[in-house]
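Take a look at the letters that make up each chain.
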Amino acid sequence: MTALRLNSLDGYSRFDGPVVLIIMDGVGVGSHDERDGVYVANTPMLDSLMQEPLTMTLNAHGKAVGLPSDDDMGNSEVGHNALGAGRVFAQGARLVNEALATGEVFRGKAWSELMGRAEAGGTLHFIGLVSDGNVHSHIKQLYALLEACADQEVKRVRVHALLDGRDVGPKSALDFILPLEEKLAELSQEGRDYRIASGGGRMITTMDRYNANWDVVRYGWNAHVLGKGRQFGSASEAIQTYYNEDAAITDQYMESFVVVEEGAPVGTIEDGDGVVFFNFRGDRAIEISRAFEEDDFAIFDRVTRPNVFYAGLMQYDGDAQIPKNYLVEPPAIDKTLSEYLCAAGVTSYAISETQKFGHVTYFWNGNRSGYIDKDLEIYEEVGSDLVPFNERPWMKAAEITDKVITQLRGGKAKFIRLNFANCDMVGHTGVPEAIRIAVETVDMCLSRLLKEVERAGGVAIVTADHGNADCMWTEKKGKRTPMVAHTLNPVPFIVKDFSKANVLAKTGVEGAGLANVAATICVLLGFAPPKEYEPSLLAISKN
Ligand SMILES: O=C(O)[C@@H](CO)OP(=O)(O)O
Ligand SMILES: [Mn+2]
Ligand SMILES: [Mn+2]
C-alpha cells in the first residue's frame, strides 16, 4: 500500500502525532438507568467527554460489523477487525451460513477427507461451543454438519460440547444440550451411533486464548481426547448435577466432564478419526488446534496424540496457517490500517493485557499474528491475572496506563492504541458491584491518560468495540437475571485534540459505525485514507 501524505490545505492535518486510540472494551451507551453499569458508576471523566462537541456514538453490532443480522450483538473480533481495517467484511458467522446454504462446505477437500476417515471406519468428532450466541459458533451450524453426516451415512459421530453461559444466559446450557441430545438420538438410526462424548464450561475447558492459561486446553484435551474427567451418564446429567451441587455456578465455569457407559468413556479420540472444531472465531480456537496439529508440542503432556484428520470450521490464523485444514474460507481482510501506516513509515505502539492483547494486534491486523514491520511497531502485553475477574475488577488497567504514559513521555510512537479489558471481562461475570469498580477503574485511567496526551500535545480518541457493562441484568416479573453477554448498544466515539493544530468538524456520516474510525485516524495523522475505507468521521476545516 502506498500512503498519501497531504497537507492541511487539502483538509488533512499537518499535525504529526501522537494519536492515542483508547478502546474501552465492552463500554456501550446504554439505557441510563440502574441496570446500566456504565451509567451508575462514578465516571467524571467519561461524563464530561460525552458532552464534548465532537462526541458521537457508533454502531458496533449486526450488519455494521459484518454479522448476519442486526439482532447479532457485536464482539471483539468483528469490532477490532472493523476498527483496524476501515471497512466492513462479511464475518465468520455469515460466511459459514452462506457456505452451508450453498453446500460449498461439503464440496471442499476438508469435508471429503473427513468422509474418507468415516468410510474407513473412523469416528467423526465435533468439538465446539454449543449455543446460539453467534460470537464463536452457532448451534444451527452444528446441526447442519450433523445432518450432512447422517445424509452421507457416517456411522459414528461424537460431539464434545463446550458450554457457553457468556454469550447467552448464564445458566442456559440445558436449553441447548437437551435439544442436541434429542437431535443426536434422532439421527442415531439405521446403524448410526451419534452422541455427546465430553464437554465442560468454556472458561475451564478448551477455549483459552492468547496463552492466558493453557491448563484450560489441557483439561479439554484430557476430556475430549483421552476421556479423562469427571464421569457422567450424559451431558445433561453433568449439567444438572453441577447446578444441584452449587447454586451459584454458571455454565461457563463448569468443570470438564466425560460421558461414560459401563465405566468407559463413550468417545475418546483415536487413530483414524476425523475432528472438526466447529467454532468460526479464531482467538479461542488456536490453542486447541495447535495441540492437535503440532508435532513438537511441549506446552503440556498430551499423553497420546492420535493420528487424526483435524479441520477447523475456518482457518483461525492465516499467517501461521492454523489449522492447516478448514471447511470455510475466512474473510479476506486486506489493506489494514497497520499496513497503510507501516508503508508510510509511521511508528506505532499497541498494548493490552493478555486477555485482550490479540485484540489490538491479531484482530486489529485482520486476524494476522505477528508484526507487519518490526522496525516501526512495538507490541506490548501485560500479563492478565488468573483470578476470577469479578474478584479483581481493576485488572491491569493501571499497568497499561503506566506503560502508555512512558511511551508518551519518551517513546517515538506516532500512533498508540490500547485496550482496557475491564468493562468487558468483568461485564461477562454479571456481578454489579464488580462491574461498577471496573468502569470506575477505566474512568480513572482515562483521566491519567488524557492529561498525558495533553502534555504531549496529541490527539486522544476514546471508543469501544461493543457494549457489555452497559447492561448488567434483565428483569422479568420483578426477577433479575444477570446479563453477561455483549449488548446491541452503540459505543461512544470521542476525540480530544490537544494539538491546537487543527479545527475539527464532524463530517456527518450517516449511520456511522466502527469501520469509520480507521479513516478518521488517517486524517488525524495527516494522511489521505485509502479510497476503499469508509469515510472519516471528522474533517479538518482550517489550520
Ligand atoms: O470472551 C469472549 O470470547 C467474547 C465473548 O464470547 O468476548 P470478546 O468478544 O469481548 O472477546
Ligand atoms: Mn470486546
Ligand atoms: Mn466480551
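What counts, and where the lines are drawn
Residues numbered from 1 in each chain as written. Chains lettered and ligands numbered in written order. Predicted model: local features only at pLDDT ≥ 70, side-chain atom pairs only at ≥ 80, totals over all residues. Buried ≥ 20, exposed ≤ 12 C-beta atoms within 10 Å, placed from the backbone. Helix = DSSP H or I, 4+ residues; strand = E, 2+ residues; numbered from the N terminus. Pairing = 2+ DSSP bridges. Right-handed = clockwise from strand over helix to strand, strands pointing away. Axes fitted to C-alpha atoms, helices over the stretch in contact; angles between N-to-C directions. Contact = placed C-beta atoms within 7 Å. Domains from an automatic or database assignment. Nonpolar A, V, L, I, M, F, W, Y, C, P; charged D, E, K, R; others polar. UniProt positions renumbered as here; feature names shortened; annotations may be inferred. Expected span 1.5 Å × (residues − 1). pLDDT = per-residue confidence, 0-100. Core = buried A, V, L, I, M, F, W, Y, C linked by C-beta atoms within 7 Å. Near = placed C-beta within 6 Å.

Observations regarding the pairing of strand β10 (residues 274-277)
Neither face of β10 is open: one carries Gly274 and Val276, the other Val275 and Phe277, and all of them are buried. Summarising the sheet, strand β4 (residues 124-129) and β10 pair through 4 bridges and their orientation is parallel. Note that in β10 the partner of His125 across the bridge is Val275. Where the polypeptide runs from β10 across helix α10 (residues 286-293) and back to strand β11 (residues 309-314), its parallel neighbour, the crossover connection is right-handed.

Concerning the environment of Glu381
Within the secondary structure, Glu381 sits in strand β14 (residues 377-382). Along the chain, Glu381 and Ala350 lie 31 residues apart, while their C-alpha atoms are 8.6 Å from each other.

Observations regarding the sheet that holds strand β19 (residues 491-497)
An order of β3-β19-β16-β2-β15-β13-β14 is seen for the 7 strands of this open sheet, with the pairing classed as mixed. Where the open sheet ends on each side, the last strands, each with one partner, are β3 (56-58) and β14. The mean inter-strand angle of the sheet, taken between neighbouring strand axes irrespective of direction, is 15°. Looking at chain direction, strand β2 (residues 19-24) and strand β15 (residues 415-420) are connected through 6 bridges and run parallel. Looking at the pairing, Val20 lines up with Ile416 of β15. Of the strands in this sheet, β13 (348-353), β14 and β15 touch helix α12 (residues 354-363), which is tilted by about 150° from β13.

Looking at the domain arrangement of the protein
Reports of interface size often rely on the accessible area that becomes lost once the parts have come together. Each assigned domain of the protein is listed with its residue range as follows: domain 1 (4-87 + 332-494 + 508-542) and domain 2 (93-328). The C-alpha-based centres of domain 1 and domain 2 are spaced at 32 Å. Contact residues are listed per partner, giving 22 residues for domain 1 and 21 residues for domain 2. Looking at the side of domain 1 that touches domain 2, the elements that each hand over two or more residues are α12 and β18 (479-482). Element by element, the count of residues in the side of domain 1 that touches domain 2 is highest for α12, at 4 residues. Residue classes in the side of domain 1 that touches domain 2 are distributed as 7 nonpolar, 12 polar and 3 charged.

Brief notes about the UniProt feature "binding site: Mn(2+) 1" (unreviewed entry) in the protein
Per the UniProt record, "binding site: Mn(2+) 1" (unreviewed entry) is annotated on Asp424, His428 and His486. In sequence the annotated residues extend across 63 residues, while in space they remain close, none of their C-alpha pairs exceeding 7.9 Å. We classify Asp424 as buried; it has 28 C-beta atoms within 10 Å. The residues contacting Asp424, other than those within four sequence positions of it, are Asp25, Gly26 and Asn468. Tracing the sequence through the fold places His428 in the loop between α14 (422-427) and α15 (432-455). C-beta crowding within 10 Å serves as the criterion here: with 25 such atoms nearby, His428 is assigned to the buried category. The residues touching His428, leaving out its near neighbours within four places in the chain, are Arg166, Asn468 and Val484.

Concerning helix α6 (residues 139-151)
End to end, α6 covers 18 Å across 13 residues, agreeing with the expected 18 Å (1.5 Å per residue, within 8%). Residues of α6 that are buried in the fold lie against α4 (92-102), β4, β5 (156-163), α7 (173-187), β6 (193-201) and β10. A positive backbone phi angle near 60° is found at Glu153, which sits one or two residues after α6.

What to know about the UniProt feature "active site" (unreviewed entry) in the protein
Here the UniProt feature "active site" (unreviewed entry) sits at Ser76. In this fold, Ser76 is placed in helix α3 (residues 76-85). With residues up to four places along the chain from it excluded, the contact list for Ser76 reads Asp25, His359, Phe363 and Asp465.

Details of the confidence of the model for the protein
Detail in the predicted coordinates should be disregarded across regions flagged by low pLDDT. Summing up the model confidence of the protein, the mean pLDDT is 96 and the portion of residues at 70 or higher is 98%. Taken over the whole predicted complex, pTM reads 0.95, whereas the ipTM for its chain interfaces reads 0.98.

A word on the nonpolar core
Of all hydrophobic cores here, the largest spans 177 residues; its most connected members are Ile22, Val130 and Leu313. When residues of this core are assigned to their parent elements, the largest contribution, 10 residues, is made by α15. Residue-level mapping places this core at the junction of two domains, with at least three residues from each of domain 1 (4-87 + 332-494 + 508-542) and domain 2 (93-328).

Brief notes about the site of ligand 1
In the vicinity of ligand 1, the contacting residues are Asp25, Asn75, Ser76, Val135, His136, Arg166, Asp167, Arg284 and Asp424. Tallied by class, residues from the shell around ligand 1 come to 1 nonpolar, 3 polar and 5 charged. Shared between two domains, the shell around ligand 1 takes at least three residues from each, and those domains are domain 1 (4-87 + 332-494 + 508-542) and domain 2 (93-328).

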